[in-house]
Amino acid sequence: MKTSSCISLISVVFLLSFFSCKKNNASSNTIEPEITPEQIAQSSTELNNWFQEQFEIEKELSPMLCTYLGDKKNNDKWNDISQQAKDEALLRNKKRLQYLKDSISTETLNKATLLSYRLAIQQTENDISDDQYRLHNYPVNQMFGMHSRVPSFLINMHLIDSKKDAEAYVSRLKGVEKLFDQLITGLEIREKSGILPPKFIFPKVIDACKNIIKGKPFDTSNNESTLLADFSKKVKTLKLPEKEESTLIEMANKSLLNSVKPAYSKLIAVLETQETKANTDAGAWKLPNGEAFYNNALARTTTTNMTANDIHELGLKEVARIQSEMKAIKEKVKFEGDLNSFFKFMQDSKQFYYADSDKGREEYMEKAVHIIDSMKSRLDDLFLTKPKADIKVKQVEAFREKTAGLAFYQQPAMDGSRPGIYYANMYKIKSMSKFEMEALAYHEGIPGHHMQIAIAQELKDIPMFRKLGRYTAYTEGWGLYSEFIPKEMGFYNDPYSDFGRLSMELFRACRLVVDTGIHAKKWTREEGIKYYIDNTPTEEFDIIKMVERHVVMPSQATAYKIGMNKILELRENAKKQLGDKFDIREYHDVVLTNGAVPLNVLEKLVDEWIATKA
């Protein structure tokens, strides 16, 4: 969850290290032997091997990461989320940082490995520094948390290809109670430190928890619970002898009753008690040392030294610019009335929405698939490098659709066993307008997150921590940039669809204003909602969800616009310097084929590319 006007010490250290190598301790009169290509290759290989060893250590400690990556090792276990595990992680990071600083000679590294080294230094320093804010989050909230992650993880990630996999699923069901005991301990420690979510969060998460323990075997209804239905369906595909199948399903039933139900019941009781102690204050300013925490969060999210006020003012300017472009579309379609009246027209006209029915939802999903497929056919216009992993479009599952976002992307498995997934949320069909669906698909699917994340995962010659790295301003900046580039390609032919693109960009600009408003200027939840209502055509239902997202994820929503603006700025600078030599496909290769990087590092990479072509 997520600087002061001064650059932090960590940023200074990183910048100094980024533009200089370690100094040689020898006298200036000493002639140093020339470093040979063989030495560079050997040193780079050794450091990359070390990076892989460290990744394997973390992977071994994270059974859930193994499953995400398609590795079935330890697929009968959950992660250790105890405070002791966090203490041990901090110690590991301190030892790694000491090793990197004391044992690596940067002069002997090739270009790619040197970048990995510098990113590792920065990331590890940040992780160590950020440990002081270990408790400054809400691990159970309406957006995410173990209460919703457990069923989502089992349903979407835990594959059952054998009887052993099914038994591992049952073991994970048995382990939910211990996992939730650690979760509850963390909630109680936060409460003692004065860290409680705002009151309006509790009913949503309590309701979500209760939904997981509805149906068989938790009650006498005719419907199976979400988890039992998933397990039964997966086991039946194994075509096991009837006795083995029934034994497995009975084992799952017992684990659901003896571990899952008590775990959720205890969590619900704790949340109901905490709800009576919570207030309605929404901003990070209310947390211990809250101002410093939020400034730090902004620095991590944006990978810039922009202050909260800088970001707030940028948001106001961007809102005004985008609304001006929307007025031009309003005039183009000959709508009479002001912009707010046009917003209301777009909200109320049935022509812009699919029917609130199974058929309407099917039609939306069919159109979303068509949009993705149409863009697939044009990828050669934009990219030299394309991912091997495919992308599928899927409806958000019923058990989490009420609180999940409008749309999101799930990365493919590293081994190719699972495609990337663009999820569309059909819970409230009115929220999934026809005029925004193009931009939404481009952002979450292609050329957005799928191209970016799948390409990164498939890169050769870079360590795993870079393949899986996430810098929010880079990642979400690319997503928002990917809403814009189809316009340059001739998409958004319908002016209402182009209005939808601007509507989504406007929403991201408003995020700059509201996030900083809530967390730095002490706006209330209601003031945040009002700003969106007054300035966007977005449904109030979605506005409320967005504001409540701001509350539980301080700074995260500022990344989109700041990242997009930087990617566009770097592109325009490259065009200006290279003229006819500029190739959009080469530019995208520079942006995407190094994995996720901070924005200042991305700028250096683009400058280096320009220098090679100028």
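Residues numbered from 1 in each chain as written. Predicted model: local features only at pLDDT ≥ 70, side-chain atom pairs only at ≥ 80, totals over all residues. Heavy atoms only, no water.

(A) Broad picture of the sheet that holds strand 3 (residues 420–424). Spatial strand order, 1-3-2: three strands in an open sheet with mixed pairing. Across the chains shown, the open sheet's two edge strands, defined by having one partner strand only, are strand 1 (391–395) and strand 2 (407–410). Adjacent strand axes in the sheet meet at a mean angle of 20 degrees, parallel and antiparallel pairs treated alike. Lying on the sheet, helix 15 (residues 437–444) is in contact with strand 2 and strand 3; it crosses strand 2 at an angle near 25 degrees. Helix 16 (residues 449–457) contacts strand 1, strand 2 and strand 3 of the sheet and is inclined by roughly 20 degrees relative to strand 2. (Pairing = 2+ DSSP bridges. Helix = DSSP H or I, 4+ residues; strand = E, 2+ residues; numbered from the N terminus. Axes fitted to C-alpha atoms, helices over the stretch in contact; angles between N-to-C directions. Contact = heavy atoms within 4.5 Å.)

(B) Region of the structure containing the pattern of salt bridges. Inspection of every chain in the model, using the stated rule, returns 50 salt bridges. Here Lys163 makes a salt bridge to Glu244, at a shortest N to O gap of 3.6 Å. Of the two residues, Lys163 is situated in helix 7 (residues 163–192) and Glu244 in helix 10 (residues 242–275); the sequence distance between them amounts to 81 residues. Residue Lys561 pairs with Glu318 through a salt bridge whose shortest N-O separation is 2.6 Å. Of this pair, Lys561 sits in helix 22 (residues 559–578) while Glu318 sits in helix 12 (residues 308–332), and the two are 243 residues apart along the sequence. The exposure classification of Lys561 matches that of Glu318, with both residues buried. A single network of salt bridges, built from pairs that share partners, joins Glu318, Arg321, Glu325, Lys487, Asp498, Arg501, Glu505 and Lys561. (Salt bridge = Lys/Arg side-chain N within 4 Å of Asp/Glu carboxyl O. Buried < 20%, exposed > 50% of the residue type's maximum accessible area, 1.4 Å probe, protein only.)

(C) Highlighting helix 16. Most of helix 16 sits out of view: nine of its nine residues are buried. Three or more residues of helix 16 are buried, namely His449, His450, Met451, Gln452, Ile453, Ala454, Ile455, Ala456 and Gln457.

(D) Examining the packing of aromatic side chains more closely. Under the counting rule described, the total for this entry stands at 30 aromatic pairs. Between Tyr169 and Phe231, the ring centres sit 5.0 Å apart and the planes meet at 55 degrees, which makes this aromatic pair tilted. Of this pair, Tyr169 sits in helix 7 while Phe231 sits in helix 9 (residues 226–236), placing them 62 residues apart in sequence. For the pair formed by Tyr169 and Phe231, the shared burial category is buried. (Phe/Tyr/Trp six-rings, centres within 6.5 Å; stacked < 30°, edge-to-face > 60°.)

(E) Summary view of unusual backbone geometry. Cis geometry marks the peptide bond from Lys216 to Pro217; its omega dihedral reads 5 degrees. Tracing the sequence through the fold places Pro217 in the loop between helix 8 (202–212) and helix 9. Phi at Asp461 takes a positive value of approximately 65 degrees, unusual for a residue other than glycine. With respect to the helices and strands, Asp461 occurs in the loop between helix 16 and helix 17 (464–467). In this structure, Ser555 is a non-glycine residue whose phi angle is positive, near 85 degrees.

(F) Seen up close, the packing of helix 13 (residues 339–348) against helix 19 (residues 495–520). It is at 13 Å that the axes of helix 13 and helix 19 come closest, and there the two elements cross at 110 degrees. In terms of orientation, helix 13 and helix 19 fall into the roughly perpendicular class. Here Phe342, Phe343, Phe345 and Met346 of helix 13 lie close against helix 19, whose contacting residues are Tyr496, Phe499 and Leu506. Broken down by class, the residue content of the contact of helix 13 with helix 19 amounts to seven nonpolar, no polar and no charged. (Parallel < 35°, antiparallel > 145°, perpendicular 65-115°, else oblique. Nonpolar A, V, L, I, M, F, W, Y, C, P; charged D, E, K, R; others polar.)

(G) Examining the environment of Ile160 more closely. Mapped onto the secondary structure, Ile160 falls in the loop between helix 6 (146–156) and helix 7. Classification of Ile160 by relative accessible area gives buried; the value is 7%. With residues up to four places along the chain from it excluded, the contact list for Ile160 reads Asp165, Ala166, Tyr169, Phe231, Lys234, Val235 and Leu238.

(H) Expanded view of the environment of Pro419. If you trace the backbone, Pro419 turns up in the loop between strand 2 and strand 3. Relative accessible area serves as the criterion here: at 25%, Pro419 is assigned to the partly exposed category. C-alpha of Pro419 to C-alpha of Lys239: the two residues are 180 residues apart in sequence and 24 Å apart in space. Excluding residues within four positions of it along the chain, Pro419 makes contact with Asp390, Lys392, Gln410, Gln411 and Pro412.

(I) Layout of the side chain of Asn79. Secondary-structure assignment places Asn79 in the loop between helix 3 (63–68) and helix 4 (83–103). Within polar-contact distance, the side chain of Asn79 engages the side chain of Ser62 at 3.1 Å. Among the polar contacts made by the side chain of Asn79, one reaches the main-chain amide nitrogen of Met64 at a distance of 3.0 Å. (Polar contact = N/O pair within 3.5 Å; in protein donor to acceptor, adjacent residues only side chain to side chain.)

(J) Structural view of the side chain of Arg508. The residue Arg508 is located in helix 19 in this model. Exposure remark for Arg508: the relative accessible area of 5% places this residue in the buried category.

(K) Expanded view of the packing of helix 2 (residues 37–60) against helix 4. It is at 13 Å that the axes of helix 2 and helix 4 come closest, and there the two elements cross at 180 degrees. By the angle between their directions, the pair helix 2 and helix 4 is classed as roughly antiparallel. Residues Leu47, Trp50, Phe51, Gln54, Ile57 and Glu58 of helix 2 touch helix 4, and the partners they reach there are Arg92, Arg96, Tyr99 and Leu100. Along the lines of polarity and charge, the residues of the contact of helix 2 with helix 4 split into six nonpolar, one polar and three charged.

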